[in-house]
Amino acid sequence: MTEVAATRKLQDIVVVGGGMVGLTQALLLAHQIPDAEITLVESLPVNMQDVRQPSFDARATALSPATVDVLQKLALWPFLESSAQPITRVHVSDRGHVGQTEYRQDENSGRALGYVIENRRFGAELTAACLRTSNISILAPAEVLRVTPVRAGVELVVRQASEHTVLAAQLVIIADGANSPLREKLGIGIDQHDYRQAAVIANLSFSEPHHGAAFERFTEEGPLAILPMVSADGRSQSHRAALVWTRPAAQLEETLGLDDAAFIDQLQARFGYRLGRCSRVGERSSYPLKMVFAREQVRRGIVFMGNAAHFLHPVAGQGFNLALRDCAQLAALLVQAWSRKQPLGDLTLLQEYLSQQAVDQKITAQLSHNFIQVFASHHPLLQLARNAGLLGISLLPGLKQEFFKQMMGQALPRAEFQPIEKQEMVG
Ligand SMILES: Cc1cc2nc3c(=O)[nH]c(=O)nc-3n(C[C@H](O)[C@H](O)[C@H](O)COP(=O)(O)OP(=O)(O)OC[C@H]3O[C@@H](n4cnc5c(N)ncnc54)[C@H](O)[C@@H]3O)c2cc1C
């Protein structure tokens, strides 16, 4: 390694990773603590015209109503709303069995059940918002090579071009993704469950308009989700949808290698014709599916966020929504600590954050996991139970409400959004 060039001045907070979670976390903190100096370090170039971070690839994300509330408080929603498709109903069914349930907007006080947005669009607006926020500095492309706790906080060695610098911070929030190189460097292990499956992603067009309907369909080989997307012109009835199709790892190559017509045939054999004929399938990509939890999410001066803290099966659409609830909870506690002049990296404070989020993390992970395990089973008793479960959910309004409330991020109390007034500079 070349010599470290200089020690930069103390930052209040450094966020490592400019993916969906790192950018949102930086915005939440910058808005609520306007006097805090926040530095975000991202190893890829950060540019709103050409977003390259892996979070912002060709996927689409289902944002829960709780997530949209946070984006509204950040004044970001007006930039996103016209590109976001409201979900008016969610239909859950089990292929070849009678059990099914549906949840509609009118059962949620008329409020959309969520919104679907293309990740690229979301990334462009998150990036633009960070670039125009005066107390966020972005170092990119720049890679954090090392994080070391020191007496007054944390030191980070950052490589930018061929230069190495040291950043000192009260707190570092590490959102460097599911494989989290820094988690590994800090010697933090993981608990993981490999589903031996992969998610195949593609954008689709159907002959019938979706009218905002989202579908979760369970098949013998794993679940598939079809999420409604806005039309290309943003005005007419939309026929566009995003596919998340779970395939057994052993069949992945075959599925990816199918020509469009064969891909559509296989898909429709599983999904049916609820939206008519699928007339177009876009480029396909795939993601290996695991559930991963970091064995430690906090240390003195350090918090892991987003995929670096927990990675969930994507079919229930919970990963980012859960991470955002974590980010909001951490921000709420840091606001209080800032007002009390308490060090932001204080271990007791960070442990309090984790204990406040532990229940939400556990329930959400279990919900996503059970979705896969129960519905993947060929065992006749489990098949009977899941049909009874879906019928039960559909027949018992209270149960249905609870199930969907958790999926929408509305089941547990939420962190307050409580900005501190910016202090006038003295002298
Ligand atoms: C197929 C699929 C569909 C999904 N759908 C949904 C959904 O509908 N709803 C939902 O809520 N969630 C969904 N998710 C989950 C969601 O995508 C993740 O929660 C989100 O992408 C996590 O982002 P992140 O910022 O934590 O990590 P990442 O996107 O991996 O970002 C990490 C960033 O850190 C940077 N980095 C890494 N190391 C360093 C370093 N040393 N120095 C500086 N920078 C570094 C990387 O370049 C990268 O930009 C889905 C996930 C998948 C796979």
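The preceding data block contains the structure.
Values in this document were obtained by computation on a predicted structure and should not be read as measured data.

1. With respect to unusual backbone geometry
Of note, the amide linkage connecting A140 to P141 takes the cis form, showing an omega dihedral of -10 degrees. With respect to the helices and strands, P141 occurs in the loop between strand 8 (136-139) and strand 9 (143-150). Residues other than glycine seldom take positive phi values, yet S109 does so here, at roughly 50 degrees. Note on placement: S109 falls in the loop between strand 6 (100-104) and strand 7 (115-118). Accessibility expressed as a relative area gives 77% for S109, which makes it exposed. Unusually for a residue other than glycine, H211 sits at a positive phi of about 50 degrees. Examined against the element boundaries, H211 turns out to sit in the loop between strand 12 (190-206) and strand 13 (213-219).

2. Re the environment of S205
With respect to the element layout, S205 can be found in strand 12. Once the C-alpha coordinates of S205 and S238 are considered, the two residues, 33 residues apart in sequence, prove to be 8.8 Å apart.

3. Overview of the nonpolar core
Judged by nonpolar contacts, the single largest core of 56 residues is most densely connected at I13, F122, M305 and L334. If you tally residues by element for this core, the top one is helix 8 (residues 319-340), at twelve residues.

4. A look at the pattern of salt bridges
This structure, assessed with the given rule, holds 16 salt bridges. With a shortest N-O distance of 2.8 Å, R59 and D57 are connected by a salt bridge. The exposure class assigned to R59 is partly exposed, which follows from its relative accessible area of 25%. A salt bridge links R104 to E107, with the shortest nitrogen-to-oxygen separation between them at 3.9 Å. Using a relative accessible area of 35% as the deciding quantity, one classes R104 as partly exposed. Classification of E107 as partly exposed rests on a relative accessible area of 25%. Connected through shared salt-bridge partners, R104, D106 and E107 make up one network.

5. Quick notes on helix 7 (residues 260-271)
With twelve residues, helix 7 extends 16 Å between its outermost C-alpha atoms, agreeing within 8% with the 16 Å of an ideal straight helix rising 1.5 Å per residue. Three or more residues of helix 7 are buried, namely F263, I264, L267, Q268, R270 and F271. Take helix 7 and look down its axis: the buried residues cluster within an arc of 160 degrees, on one side only. Those residues of helix 7 that are buried are in contact with strand 12, strand 13, strand 14 (222-228), strand 15 (240-248), helix 6 (252-257) and strand 16 (278-281).

6. What about the site of the ligand?
The full set close to the ligand counts 31 residues, and E42, S55, A62, N307 and F320 are the nearest of them. The contact in question runs from an oxygen atom of the ligand to an N or O atom on the backbone of A62, over 2.8 Å. Between the ligand and N321 there is a distance of 2.9 Å, counted from an oxygen atom to a backbone nitrogen or oxygen. Coverage of the ligand by the protein amounts to 93% of the 1000 Å² it exposes when considered alone. Elements supplying a minimum of two residues to the shell around the ligand: helix 1 (20-32), strand 3 (60-63), strand 9 and helix 8. Here the element with the most residues in the shell around the ligand is helix 8; it accounts for three residues. For the shell around the ligand, a count of residues per class yields 14 nonpolar, 13 polar and four charged.

7. Quick notes on the packing of helix 1 against helix 8
At a minimum axis separation of 9 Å, helix 1 and helix 8 run at an interaxial angle of 30 degrees. If you check the angle between helix 1 and helix 8, you find them roughly parallel. With respect to the hand of their crossing, helix 1 and helix 8 are arranged in right-handed fashion. For the pair formed by helix 1 and helix 8, the contact residues are M20, V21, T24, Q25, L28, L29 and Q32 on the first element and F320, A323, L324, C327, A328, L330, A331, L334 and V335 on the second.

8. Overview of the pairing of strand 12
Summarising the sheet, strand 12 and strand 17 (residues 285-294) pair through ten bridges and their orientation is antiparallel. Counterpart to I201 in the pairing with strand 17 is S285. Across three bridges, strand 12 lies against strand 16 in antiparallel orientation. Bridge pairing in strand 16 links F206 to C278.

9. Looking at the packing of aromatic side chains
Across all of its chains, the model carries five aromatic pairs by this definition. Where W77 meets Y115, the ring centres are 5.0 Å apart and the plane angle is 75 degrees; that geometry is what we call edge-to-face. Here W77 is found in helix 3 (residues 77-80), whereas its partner Y115 is found in strand 7, with 38 residues between them in sequence. What makes W77 buried here is its relative accessible area of 2%. Taken together, a centroid distance of 5.2 Å and an interplanar angle of 75 degrees make the contact between F215 and F271 edge-to-face. With F215 in strand 13 and F271 in helix 7, the pair connects residues that are 56 residues apart, well separated along the chain. Each of the two residues, F215 as well as F271, counts as buried.

About the cut-offs
Residues numbered from 1 in each chain as written. Predicted model: local features only at pLDDT ≥ 70, side-chain atom pairs only at ≥ 80, totals over all residues. Heavy atoms only, no water. Helix = DSSP H or I, 4+ residues; strand = E, 2+ residues; numbered from the N terminus. Buried < 20%, exposed > 50% of the residue type's maximum accessible area, 1.4 Å probe, protein only. Core = buried A, V, L, I, M, F, W, Y, C linked by side-chain atoms within 4.5 Å. Salt bridge = Lys/Arg side-chain N within 4 Å of Asp/Glu carboxyl O. Expected span 1.5 Å × (residues − 1). Arc of directions from axis to C-beta. Contact = heavy atoms within 4.5 Å. Near = heavy atom within 4 Å. Polar contact = N/O pair within 3.5 Å; in protein donor to acceptor, adjacent residues only side chain to side chain. Areas by Shrake-Rupley, 256 points an atom, 1.4 Å probe, with all protein chains shown as cover. Nonpolar A, V, L, I, M, F, W, Y, C, P; charged D, E, K, R; others polar. Axes fitted to C-alpha atoms, helices over the stretch in contact; angles between N-to-C directions. Parallel < 35°, antiparallel > 145°, perpendicular 65-115°, else oblique. Left-handed = near helix turned anticlockwise from the far one by under 90°. Pairing = 2+ DSSP bridges. Phe/Tyr/Trp six-rings, centres within 6.5 Å; stacked < 30°, edge-to-face > 60°.

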